[in-house]
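Next come the chains, spelled out residue by residue.
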Amino acid sequence: MILTVTMNPSVDISYPISDFKLDDVNRVEGVRKTAGGKGLNVARVIKQMGEGVVTTGVLGGTIGDYIIQELSKDRIENDFLKINQESRNCIAILHDSKQTEILESGPTLTAEDEAAFLTKYESLLTNVSLVTISGSLPKGLPSDFYRQMVERGHERGIPVVVDTSGESLRQILISEVKPFAIKPNITELSQLLGINVEPNIESLRQALTNEWFQGIEWIVVSMGGAGAFVKHGQNFYQVTIPKINVINPVGSGDATVAGFAVAVKHEQSVKVVLKTAMTTGILNAMEAVTGYINTANFEDIFNQVQVEKIDL
Ligand code: ADP
């Protein structure tokens, strides 16, 4: 069983309004409301791959109830900490071929919420063999919260994959106990290091030799349509992917984390782990729905992904 974590999930509302008018009334049909959050996307893709998954995090109110209802419809096992504040809505207005987003920040967690979640997390750890943590932290939690979660996994010998950015990523990298894997994209990597990492082997290799990355088993730098650059142990790999008809790449990073987690759980070879991770990312980009992959195309795409070890 794999555990996926989303600390600040949302209901994602999309309003298609072809001629959006500012300072006026806009009426909308064809509204879509989905349970949103990076760890929920990871859980959906793991489920579609036929693997056991349970998803957790923090939610509350009627918006929280809606999220649970949507997950239950997809038969995704869930065990969230319920708090007495409303979870957030995130609104995307689709207009004039553009997307204007209005993102609520969500609840501010208390010290009691923090302790209660860690207790829940520890009890969930007794039943899982791998954890993925995705996305940003809600207000009220310390920026080293993911570090605490990584440490608790480490104490039990459970690998923890972290897909986050900014200060919470920095906090887990400066810690003595390292996560099993991280999956920054190239923008997140550049922000983290405060330099402009170029999408070429020399620049990426240089960036990943930073001492912050020592002791992390897998660093997967995803690069959208350009595939990925990877450090595994002391080895570097370049992963190239086929050209596809991109429909909607939102959530491809989450789908990549899902494929990675499933392959690692099955103790696959380096090559198969990376090919699986890229394939699920690509399959997500080929669909309109975020966090959905058509598994019928898996083998075809998998066979077109190439992993090349870089000689130093
Ligand atoms: P994130 O969503 O975290 O920024 P990426 O955009 O790098 O992550 O996407 C993760 C993976 O999904 C890529 O490494 C690739 O395998 C696949 N992917 C994303 N965008 C595309 C695209 N335009 N064409 C093909 N594959 C894509």
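Values in this document were obtained by computation on a predicted structure and should not be read as measured data. (Residues numbered from 1 in each chain as written. Predicted model: local features only at pLDDT ≥ 70, side-chain atom pairs only at ≥ 80, totals over all residues. Heavy atoms only, no water.)

S.K.: Help me understand the packing of helix H8 (residues 252-265) against helix H9 (residues 270-285), please; the structure alone is not making it clear to me.
M.R.: For any two helices packed against each other, the geometry comes down to the angle between their axes and how far apart the axes lie. Packing of H8 against H9 leaves a shortest axis separation of 7 Å and a crossing angle of 150°. Of the two elements, H8 crosses H9, and the hand of that crossing is right-handed. Contact residues: H8 offers Ser252, Ala255, Thr256, Gly259, Phe260, Ala263 and Val264, while H9 offers Val272, Val273, Thr276, Ala277, Met278, Thr280, Gly281, Asn284 and Ala285. Its residues placed into classes, the contact of H8 with H9 shows nine nonpolar, seven polar and no charged. (Axes fitted to C-alpha atoms, helices over the stretch in contact; angles between N-to-C directions. Helix = DSSP H or I, 4+ residues; strand = E, 2+ residues; numbered from the N terminus. Left-handed = near helix turned anticlockwise from the far one by under 90°. Contact = heavy atoms within 4.5 Å. Nonpolar A, V, L, I, M, F, W, Y, C, P; charged D, E, K, R; others polar.)

S.K.: Would you take a moment to explain the packing of aromatic side chains for this structure?
M.R.: Each aromatic ring pair is described using two quantities: the centre-to-centre distance and the angle formed by the ring planes. The tally for this structure, following the rule as stated, stands at six aromatic pairs. Between Trp218 and Phe260, the ring centres sit 5.3 Å apart and the planes meet at 85°, which makes this aromatic pair edge-to-face. Taken together, the residues span a long stretch of sequence, with Trp218 in strand E12 (residues 218-222) and Phe260 in helix H8 at a distance of 42 residues. Comparing Trp218 with Phe260 shows no difference in burial state: the two are buried. Consider the rings of Phe298 and Phe302, whose centres lie 5.7 Å apart with planes at 25°: the pair is stacked. In this pair, Phe298 and Phe302 both sit in helix H10 (residues 298-302), four residues apart, roughly one turn of the helix. (Phe/Tyr/Trp six-rings, centres within 6.5 Å; stacked < 30°, edge-to-face > 60°. Buried < 20%, exposed > 50% of the residue type's maximum accessible area, 1.4 Å probe, protein only.)

S.K.: Looking at this model, I keep getting lost on unusual backbone geometry. Mind explaining?
M.R.: Excluding glycine, residues mostly have negative phi values, and the peptide bonds linking residues are mostly trans. Positioned with a positive phi, Asp23 is a non-glycine residue whose angle comes to about 55°. If you trace the backbone, Asp23 turns up in the loop between strand E2 (10-16) and strand E3 (32-36). Residue class for Asp23 comes out exposed when judged on its relative accessible area of 82%. The phi dihedral of Ser97 falls on the positive side, at around 60°, and the residue is not glycine. The topology assignment puts Ser97 in the loop between strand E7 (88-95) and strand E8 (98-103). With a relative accessible area of 84%, Ser97 lands in the exposed category.

Shape is all these values report; function is a separate question.
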